[in-house]
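Here is what each chain is made of, one letter per residue.
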Amino acid sequence: MSQLIYFCAGLDSNICPAANIEAVLINTPDFGDGSKGIEEARKLRSISNAKKMMLDSGGFQLLKAEENGLEISCEENEPIKRNNKINLSPMHVIRAAQDIKPDIFVALDFPIKKIFDPSLQKIEFMRKLGFNITWAIQTSALRKKYCPEIELFIPVQCYNLQQFNLFWERIKGIEFDGFSMPVRNLKVPEIALFLVKFYQLGIKKVHLLGTSSFFNIALAAYSANHLFERISFDATTWRLIAEKECYFNPHNLSLVNLRENVRIDGEIMADCQCVWCHGKSFAYIKNLPYAEKFLFLMCHNHLAIEKITKEMYKNSCELEELRHYLLTNSPNQERIKELHQTLAVIEGFKDEPLDEWKNLLTIKP
Amino acid sequence: MEEKILKEENQGYQGSLENFLEKEKSEFANFSEKIEELSIQEISKFTELPDYVEASADFFPIVIKSGESCFCIDGWEKVENAKNAQQTQIFCRVFYVHKISDVELAIRKIAIRMVPLAGRALYSEIVRNIKILINFIMQSKENIKVYSHGGDRKSDSFTNNREENIRLILMERFAKKRSTINQYISHGSYLTLEALEKLVEGKADKEFFEKVNNAKLQIIKELKSKNFSADEITQMVSKKIIEFFNNRENLEDLLKKRASNDDGKSEKSEPVKKEKFLEEPTLEYWKGNDASSIVKLCEEEIREKAAAICQRMGARFQDFSTNFSLIKEAVIGDVKELLSLINCMSKEESVCLN
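Cut-off values and rules
- Residues numbered from 1 in each chain as written.
- Chains lettered and ligands numbered in written order.
- Predicted model: local features only at pLDDT ≥ 70, side-chain atom pairs only at ≥ 80, totals over all residues.
- Heavy atoms only, no water.
- Phe/Tyr/Trp six-rings, centres within 6.5 Å; stacked < 30°, edge-to-face > 60°.
- Helix = DSSP H or I, 4+ residues; strand = E, 2+ residues; numbered from the N terminus.
- Buried < 20%, exposed > 50% of the residue type's maximum accessible area, 1.4 Å probe, protein only.
- Lys NZ or Arg CZ within 6 Å of the ring centre and 35° of its normal.
- Patch = residues over 30% accessible without salt bridge, like charges linked within 9 Å, V, L, I, M, F, W, Y side chains within 5 Å.
- Areas by Shrake-Rupley, 256 points an atom, 1.4 Å probe, with all protein chains shown as cover.
- Salt bridge = Lys/Arg side-chain N within 4 Å of Asp/Glu carboxyl O.
- Pairing = 2+ DSSP bridges.
- Expected span 1.5 Å × (residues − 1).
- Arc of directions from axis to C-beta.

Got a minute to help me understand the packing of aromatic side chains in this structure?
Each pair of aromatic rings is reported with the distance of its centres and the angle of its planes. Tallied over the entire structure, the rule returns 26 aromatic pairs over all chains. An angle of 65° between the planes, with centres 4.8 Å apart, marks the rings of Phe 282 of chain A and Tyr 285 of chain B as edge-to-face. One end of the pair, Phe 282 of chain A, is in helix 10 (residues 282-286); the other, Tyr 285 of chain B, is in the loop between helix 10 (251-261) and helix 11 (299-318), on a second chain. Among the residues examined, Phe 282 of chain A registers a relative accessible area of 1% and is labelled buried. Overall, Tyr 285 of chain B belongs to the buried group, its relative accessible area being 12%. Ring geometry for Phe 349 of chain A and Trp 357 of chain A: centres 6.0 Å apart, planes at 25°, overall stacked. Overall, Phe 349 of chain A belongs to the partly exposed group, its relative accessible area being 25%. Members of the aromatic cluster, each reached through a chain of ring pairs, are Phe 164, Trp 168, Phe 176, Phe 179, Phe 194 and Phe 198 of chain A. Against the face of Phe 110 of chain A rests Lys 128 of chain A, its NZ or CZ located 4.4 Å from the ring centre.

What is the right way to read the environment of Arg 248 of chain B from this model?
All names here are of chain B. Relative to the helices and strands, Arg 248 is located in the loop between helix 9 (230-246) and helix 10. With a relative accessible area of 42%, Arg 248 lands in the partly exposed category. Note: C-alpha distance between Arg 248 and Ala 204 (44 residues apart in sequence) is 9.7 Å.

Just checking my understanding: could you explain a nonpolar patch on the surface for this structure?
Taken together, Tyr 52, Ile 110 and Met 114 of chain B make up a surface patch of nonpolar side chains, about 280 Å² in accessible area. Mapping Met 114 of chain B onto the fold places it in the loop between helix 3 (102-111) and helix 4 (123-139).

Would you take a moment to explain the sheet that holds strand 6 (residues 85-87) of chain A for this structure?
In any sheet, the strands associate via hydrogen bonds between backbone groups, in a parallel or an antiparallel arrangement. Residues and elements named next belong to chain A. Here three strands make up an open sheet; going across it, the order is 4-6-5 and the pairing mixed. Taken across any chain shown, the strands that pair with only one partner, and hence form the sheet edges, are strand 4 (71-73) and strand 5 (81-82). Bridging between strand 5 and strand 6 involves two bridges; their strand directions are antiparallel. Note on strand 6: the bridge partner recorded for Arg 82 is Lys 85.

I keep staring at helix 11 of chain B and nothing clicks. Help me out?
All names here are of chain B. With 20 residues, helix 11 should reach 28 Å at 1.5 Å per residue; the first-to-last C-alpha distance of 29 Å fits that figure. Buried within helix 11 are the following residues: Glu 299, Ile 302, Ala 306, Ile 309 and Met 313. Considered in projection along helix 11, the buried side chains sweep an arc of 90° and stay on one side of the axis. Looking at helix 11, the residues exposed on the side facing more than 90 degrees away from the buried face are Glu 300, Glu 304, Gln 311 and Gln 318.

Take a look at the structure:
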């Protein structure tokens, strides 16, 4: 039985959207730096009753530090955060994993920036490749020594398959359980290509980092049913959009603006049946004072992602079933067509050599 | 002279001042209030403070009278209008006092627009009464716009949304901001009328409602997570809030204790600074398609469409005016369409038809 898991990320013991969350994702800089953070991680696990916990390495924080011009170092005996400095090494991640005891942890990586120009992408990839190879190899070795019982995911920091092949050639042979891949600005066919590549390499578990897009969840759901033992994704959007007073449409996770100045047509009824929305109107939610509204929205938004995840998994055993589900829930015919064609190509060719058919996904007619 | 006596003797015209005035027996206190016709000539305008931008909502000019002194502190425009209409008399709301001073008149001119005529209600009374009023309105089928006094910009904002219109009425009639009305409604939510009654009896103030709000939200969240119904949640929250109120002397400790028992579960009230938006967007919400309206292709249609695509593909290769890179792109599109078509039928159906 395969699995599709939504990891709720961006939460802490103060801001937790439900008392029963299937899976939570935390990160090393916030939770693995000292006894306070570790205690907080334990508290969070107990508050959320999470069945699964994933520990991210903190690569994202490294990227942010780089973008903000902060000093970055890699001294394993120094603390992680100090004033305007971030210090992360594979050993920090291992220590955090040993203390927090997550079910899965992600090797330390240095994420590549969101860049669109291919020549700049190439430089950025090459600049980070050394770190990513070294840290993947080191984290794998340390994990084998200190916490072999915890699953290890290797982050994939590449813009395209060619770059992935370069990375893969150099880490091949290390022990790990799955790949984690930032979705960034990749389109569904591009993510799909990576997923098929992982499938062809025999990878059984994949995590998509930072996404709650309806169509990415659909791709993940199909992949869970057809390519992998387990595919997961994490999202902080339940909280981020609640902070902006926005509501996830429970049908397709599109954003519904519920700020105080929005005009609400009395004919539009809120049809979400979650415990928060049941019997409530959009006017009710819109007019809640900020603290109440934030609580309401973050809880609803989390439940909406959870609901879509379950429904999508249930409806993606067959492609036609998935198409029908998507058409019922989304007005975006173009994206449904794109996803359906992508999955149809995968269904037809997933076991054929990728180079022979990848143009079907990369070239846009 | 037509005269209507509203209340005689010791009428504290500004409620919250009443106790103070009674205690001190001030010479400046009202000893009578009347609607009385006065000669326009005898009324002087109090000029130490400028007039209000918006005209007085009272039907009558408001006048303070002591012996021969007679000052209009609000509604002078009505006196002017009467003068312009060649009238010599005008009905005024007259407050009789023993003594007048500029300071007292200035205080009254400010207070007249700040303190309700009948005195202030308790915060818990306002919360309770608004809850009852909203229940009334929601149960009635009446067009609530009739309760707007109209004539100001708020009445232009009515929409077809009853809940929104209720707020507009309350904003207009109570001269409060939307956020204040929302706060009243929110403070009354998940509380039974019995609980609110107890809070009124105990004179619960705004500070109490604000102090317990985080704990209240946390309780609601916990109960919702456990799938309790709205009625059950209301009962349980009410019980807890009354418990807090009964122990209000140790409220801080109780709330702290609760937060620590919850392992810090309490929600931070304002995690981010609220943004201000100038535009006025409208709500957009997709309600989903009716599943039965989605057209499903049958096997014959699929075969027919696929054959047409194949024919189109063949024609592409025979068109010598198109170069190979364009043919490649077009054929890739055709292949995707073909694969998509083939997958338009579930495996189960496909087996049956074969």
